Amino acid sequence: DKAPLSKSLLLVPSAISILLTLLFQHYQKFFAYNLQAVKEDFQIWRLVCGRTICLDLKDTFCSSLLIYNFRIFERRYGSRKFSSFLLGTWMLSALFDLLLVEITQYIFGITINSLPSGFLAPVFALFVPFYSSIPRVQVTQVLGHFSITNKSLVYILGLQLLTSGSYIWILALSGLISGICYNSSILKVHRILCVPRWVAKLFSWTLEPVFSSAEPTNEVRVGMGATVDIQRQQRMELLDRQIMMSQVAQLRRQRQQQGGMINWNRLFPPLRHRHNANYQDHRPSEQGIPPPTEVSEEQVARLMEMGFSRGDALEALRASNNDLNVATNFLLQH
């Protein structure tokens, strides 16, 4: 639901990878990420084919599970911004791959002619916003000292993918560097490497109806998720959506009764500040509400790129104390 790009990345590359492994082995050579052929024979097309389809089913399985978990970013930011992040990190990581291979050869004397194939670097790049913006909720403890959180399974999958090949650490490192560059807006990369609006509309008219899904009417029953952690994450997303919608209704009632502006931050506290695992309502008193702060023009621009008006973006950022994630969540649900 609300993640057609994630579904397409989950289904299409996985299907092609399975077909190449089981039925069309003689075509696998066209999808090999051969750096020697790129540098010596100028086969630039390998930077596209070799960095799209996995030739190892273990990599296909792990990357598919990670994309399934990272679908939350498409729901939060929209398909256009999510695709812009994937496109930007995919292009940046191609450059970092070549640089890291040259650095490895210069320092350690190791010649690397090929790297693992697949859409791996952007998947590792998604760990950057996952670490910085997804709240950490403790689920249980092991041996009384080691905490198991809702993010533990994703990190374990990333570690499994990292150890699946000999030189996959180069893809992981280039992906993380690309994710940091794109997420931190270094040199305004997010404005240069982005999907144009007309391209996003074209794909929304043609491909989105194929991969879109209807919104579920009931909560997912136990057993539908692949693991208990995925089931718990699904319930948390559903609960957070219900809380958000109830708070929107409360906000509208208060505005109709009292009129004027209401501080959204009092009704929409940031998710990372919800320390109660049972999601009880801990609203601060009105005396503790901080005064409005100045709004960052860069964050206003990022919200406007998502399609919101400047007035709504300014109001949301002021009410959320310049917390971009909270402001985005409210504007998406409003």
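Calculation notes
- Residues numbered from 1 in each chain as written.
- Predicted model: local features only at pLDDT ≥ 70, side-chain atom pairs only at ≥ 80, totals over all residues.
- Heavy atoms only, no water.
- UniProt positions renumbered as here; feature names shortened; annotations may be inferred.
- Helix = DSSP H or I, 4+ residues; strand = E, 2+ residues; numbered from the N terminus.
- Buried < 20%, exposed > 50% of the residue type's maximum accessible area, 1.4 Å probe, protein only.
- Contact = heavy atoms within 4.5 Å.
- Areas by Shrake-Rupley, 256 points an atom, 1.4 Å probe, with all protein chains shown as cover.
- 1 Å grid on protein atoms, 1.4 Å probe; cavity = no way out; pocket = protein on both sides within 12 Å on 5 of 7 lines; lining within 4 Å.
- Points joined across faces, edges and corners; volume = space filled by probe spheres on them.
- Nonpolar A, V, L, I, M, F, W, Y, C, P; charged D, E, K, R; others polar.
- Phe/Tyr/Trp six-rings, centres within 6.5 Å; stacked < 30°, edge-to-face > 60°.
- Lys NZ or Arg CZ within 6 Å of the ring centre and 35° of its normal.

The name given to the protein chain in an unreviewed UniProt entry is Ubiquitin-associated domain-containing protein 2, with the source organism recorded as Grantiella picta. The record held by UniProt for the protein chain lists under Subcellular location (unreviewed entry) the comment "Membrane".

A. How the structure looks around the overall build of the protein chain. From N to C terminus, the protein chain includes 18 helices and 4 strands. Expressed as a percentage of its 334 residues, the buried residues of the protein chain come to 43%. Summarising the internal contacts of the protein chain: among those between residues at least 6 apart in sequence, 72% fall at separations of at least 24. About 18600 Å² of surface is accessible on the protein chain, with carbon and sulfur atoms providing 62% of the total.

B. Geometry of empty space enclosed by the protein. Overall, the coordinates contain 6 cavities of 30 Å³ or more when judged by the stated rule. If you go around the largest cavity, the residues you meet are Leu9, Pro13, Ser14, Ser17, Thr52, Cys54, Thr60, Ser63, Ser64, Ile67 and Phe119. A class-by-class count of the residues in the lining of the largest cavity yields 5 nonpolar, 6 polar and no charged.

C. Structural view of the packing of aromatic side chains. Under the criterion given, the structure shown has 11 aromatic pairs. With a centroid separation of 6.1 Å and an interplanar angle of 40°, the aromatic rings of Phe70 and Phe73 are classed as tilted. Looking at Phe73, the relative accessible area reads 2%, which means it is buried. For the ring pair Phe127 and Phe130, a centre distance of 6.4 Å and an interplane angle of 85° mean the geometry is edge-to-face. Of the two residues, Phe127 and Phe130 are both situated in helix H8 (residues 127-133); the distance of 3 residues between them amounts to about one turn of the helix. Taken together, the ring pairs in this structure connect Phe70, Phe73, Tyr77, Phe124, Phe127, Phe130 and Tyr155 into an aromatic cluster. In this arrangement the basic side chain of Arg71 is found over the ring face of Tyr68, its NZ or CZ atom lying 4.1 Å from the centre. Seen from the ring of Tyr77, Lys81 lies directly overhead, with NZ or CZ sitting 4.6 Å from the centre.

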